[in-house]
Each structure stands twice: as structure tokens, then as C-alpha cells.
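For reference, the chains in residue letters:
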Amino acid sequence: MDIKTKAEKLIYQAAERGDIAGANILVLKNGREVLYAEGGLRDIENSVPMSRDTIFRLYSQTKPVTAAAAILMASRGDIDLAADIADYLPEFAEQFVIKDGEKKPVSRRITVRDLLNMTSGLPYPFEGHPSGEKSGEVFWKMTRSLYDGEPVTTKKFCEMAAEIPCMFEPGSEFQYGIGADLIGGLIERISGMTFGEYLRENFFEPLGMEDTDFYVPTEKQSRLAKVYDYSENGLKENKTDNLSMRYMREVKPAFESGGAGLCSTLDDYGKFASMLINGGEFEGKRIMPEYAVEYLTRGGILPEQRANLWFWWDWMRGYGYGNFMRVCEDENNTTLFSSKGEYGWDGWLGTFFSNEPKYSLTFLLGVQQTGIGKAGTLTRKLKNLVMGEFV
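Every chain is numbered independently, its residues counted from 1 as its sequence is written. Per-residue local features are limited, in this predicted model, to residues with pLDDT of at least 70; the limit for side-chain atom pairs, both in listing and counting, is 80 or more; totals at the level of whole chains, interfaces and linings are taken over all residues. With hydrogens and water set aside, each side-chain value is computed from the structure's full complement of heavy atoms.

## Description of helix H8 (residues 266-277)
Phase 1 of the analysis: Helix length check: H8, at 12 residues, gives a terminal C-alpha distance of 16 Å against a target of 16 Å (1.5 Å per residue), a fit within 8%.
Phase 2 of the analysis: The buried fraction of H8 is high, at nine of 12 residues.
Phase 3 of the analysis: Considered for burial, the residues of H8 that qualify are Leu266, Asp268, Tyr269, Gly270, Phe272, Ala273, Ser274, Met275 and Leu276.
Phase 4 of the analysis: Backbone geometry just downstream of H8 places Gly279 in the positive-phi region, at approximately 70 degrees. Note on conventions: DSSP H or I runs of at least 4 residues are helices, E runs of at least 2 residues are strands, and numbering of each starts at the N terminus. The span one expects for a helix is its residue count, reduced by one, times 1.5 Å. A simple rule labels every residue: compare its accessible area, found with a 1.4 Å probe on the protein chains alone, to the largest value its type can have, and call it buried under 20%, exposed over 50%, or partly exposed in between.

Encoded structure:
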């Protein structure tokens, strides 16, 4: 059985079990396609099959693109990674931390690097901690604004986020949070462009990423995969506006989320991944300086900062983190076949991106499934299958 047949069998089996509605994968080696496979449906109700041009909501797989934009700015001298974020976002002039149950001034200011490494202490919404609950209030107000009144802009989001107290002293721990969204706002302030305009000018247009944006226009709506969740009666559509992203992405958003907002296809994201694995060049065009790509993809958090990283994602043992991506440090301790220096990230709905510089290998998976435990099993099976075949 050849590799394509094996991959398709794994995808079809997962779809038949109801683990996912459908999925597709793309594998590149030395910049050339060596595998594409698909299976299942992107729209169960209308029996629309998964296809190569299917558009996916990337959610957190947006983050590596945002990090690349920030590091590109640093390589041009436009941003200082060690600077207090208040130098660029003055609404953060006052910064507070929850300590011993009380709100107190921070003893160490949040830096741009803290945002990129998720060591700022500014979390995503969650219950049980004042910081997570305040973050929840911010996103609740933003989600309401999508349909009621004037939508919150990227600039306004940063102003609202400045009211969230840090969970811990900045730089002391890892906590997955809103750093990428603040980086998007920071890039807007520095560049004088919207975040989307900056990405289009510096990445999407030079790379030919024609299906990547913060919204999906009318003529492409039929290609946007539906999102599914589990139920007692099988998979059902989940019309989620999670993290204040409109489900259908049919409207150009006022808030261009650097942490969750992009939609894309495997081919488009493959161009971005190829640029990175080729040291910043793509089809003879220099997109990023080589050393900037090296800095972007080599991690950053210290061993003493990563307890929470492994607490939230036990499968990520063996990995460090930095610039919004995991980076393999110990391939003997991972649950994925991986080599030292492998980097990438995934998305809330199951999309997955991996670059293996040692083997010039890119692996991309497209899925749109909430409750992604079972989709995660498929990801690991496919990634290990690909490594076994092409390494």
C-alpha cells in the first residue's frame, strides 16, 4: 500500500468513526510536493467532499504568521523586542499583577519578547482566576459587538486588554494567552497600516497567498469548511464565534486577531512554511532575512518557565516554546516522530503545521473540529506515517 493510500485510509477511518467530518494533508520536501491526500466531507449536510481548495479557520495557527511579522519588523529596526510594550501601546502605561489575591503594580514590566513567548501573564478567558475572568469580560464584550452596535477594532481591543491584570510577574512563567493579539495591535501602531494590510504587503502578496485573509469573501464562501462538534447523534455543526471571530467570516472584521483570525488553505500556508524552511526565500524572492528566520524558529522560554506548557499540553513534552511556536528540543521525549529543531503550531479546530528543517520536510493538516482530542490522534498518526516514509 503506497503512502497516499495509507493516508487516505486513516482519514476515511476517522471520518467513518465520527472522529472528524473530513480532513486533508499536504507534505512538501525540499520545497516540492511529495504527498497530498484528502477524505471525508467539509459539509455533511450538503454532502460536499473535502477538497484541495477548502478554506479553514486557522485559529491559533495564525500565530506563527504574526510572529514572523514581528520578527521581520525587528530585522528592519522598527521594533525593539526588549522594549516595554507601553512604548508602543501607551494604554499599558500602568501594569498590574494579581499577587496574594490582590491587584498590585508589577515589579517587572511586560516586554515585546514576553508577548512573543507567552510569558506576559495576560491570559485567554478562563474561570477561577481574576485575570482569566477579566479577559473573559473583554472577549464577551467584543463578541456582543459583532452583532450589536459598533464592532471592537484592533486598537480598541488593546485598550480593553490593558485592563487585564497579569496572572504572575511578567517573564516568570508561561501562560497561553492574548500576546499575539497585542502583537497585531502593536504592528498596526508602528507601521501606520492595519495589521491585515501589513501582512498582505509583506507576506501574502509576495508569497502568492491568494486565499489567506481575516475574512472569506462571498465568492469563496462555498469553499469554507463547516465546523463540527460531537453529540449523542453524531457530528453536528457548531456555529461558534469563539474568541470573537464571526463563524462564517463573511464580514471584513474590525478586530484583526493576530492570535486566531486568519483563514487559509493548505497550499497557501504551504507557501509560508516553505519560505521559513528555506531561510526566508520563496521562489527566488527574499521575504525575510535568513537570520531573522533562525531567530524566529529556535524557541525562547527557559526550562523554569515551561511547567505550565507541559501542564496544558502533556503531548508537548520534549518541546520548548518561543515566538508563538513549539520547538523540539528532545526528540526522545515526544509523542510525535520529530527531529531536534522541528517547529510549528496548530489551531483550535485541529489544523496543524510542522516544519522539520533537518529533513526539509513540511507537514500540514486541515480539520475543522471542536473537541479535538480524536482529531489529535489522527494528527499524530499521519505525522508519524509521513516521517516514517520521507525521512
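## Considering the packing of aromatic side chains
Phase 1 of the analysis: Pairing of aromatic rings covers Phe, Tyr and Trp, the last counted by its six-membered ring, and requires centre-to-centre distances within 6.5 Å; plane angles under 30 degrees mean stacked, over 60 mean edge-to-face, and any other angle means tilted. Considering all chains together, one arrives at 14 aromatic pairs under this definition.
Phase 2 of the analysis: Considering the side-chain rings of Phe174 and Tyr321, the 5.1 Å spacing of their centres and the 75 degrees angle between planes classify their relative orientation as edge-to-face. Here Phe174, found in the loop between helix H5 (154-161) and helix H6 (179-191), pairs with Tyr321, found in strand E12 (residues 319-322); they are 147 residues apart in sequence, far enough to count as distant.
Phase 3 of the analysis: A relative accessible area of 0% means that Phe174 is categorised as buried.
Phase 4 of the analysis: When the centroid spacing of 6.3 Å and the interplanar angle of 80 degrees are considered together, the rings of Tyr343 and Phe353 count as edge-to-face. On the criterion of sequence distance, the pair formed by Tyr343 in strand E14 (residues 343-346) and Phe353 in strand E15 (residues 352-356) is long-range, its members being 10 residues apart.
Phase 5 of the analysis: Exposure remark for Phe353: the relative accessible area of 0% places this residue in the buried category.
Phase 6 of the analysis: Pairwise contacts between aromatic rings join Tyr124, Phe139, Phe157, Phe174, Tyr176, Phe255, Tyr321 and Trp345 into one cluster.
Phase 7 of the analysis: Note on geometry: a ring has a charge over it if NZ (lysine) or CZ (arginine) is within 6 Å of the ring centre and within 35 degrees of the ring normal. The ring of Tyr36 has Arg52 lying over it, and the distance from NZ or CZ to the ring centre is 4.7 Å.

## Comments concerning helix H2 (residues 63-75)
Phase 1 of the analysis: Compared with an ideal rise of 1.5 Å per residue, which puts 13 residues at 18 Å, H2 spans 18 Å between its outermost C-alpha atoms and is within 8% of the ideal.
Phase 2 of the analysis: Residues Lys63, Pro64, Val65, Thr66, Ala67, Ala68, Ala69, Ala70, Ile71, Leu72 and Met73 constitute the buried set of H2.
Phase 3 of the analysis: Gly77 occupies a position one or two residues after H2 and carries a positive phi of about 75 degrees.

## Observations concerning the side chain of Asn355
Phase 1 of the analysis: Relative to the helices and strands, Asn355 resides in strand E15.
Phase 2 of the analysis: One polar contact links the side chain of Asn355 to the main-chain carbonyl oxygen of Ala273, over a distance of 3.0 Å.
Phase 3 of the analysis: Within the structure, Asn355 has its side chain in polar contact with the side chain of Thr362 (distance 2.5 Å).
Phase 4 of the analysis: Here, residues are in contact when the closest pair of their heavy atoms is within 4.5 Å. Apart from residues lying up to four places away in sequence, Asn355 is in contact with Ala273, Leu276, Ile277, Glu342, Tyr343, Leu361 and Thr362. Here a polar contact is taken to be a pair of N or O atoms separated by no more than 3.5 Å, where protein atoms must pair a possible hydrogen donor with a possible acceptor and residues adjacent in sequence count only if both atoms sit in side chains.

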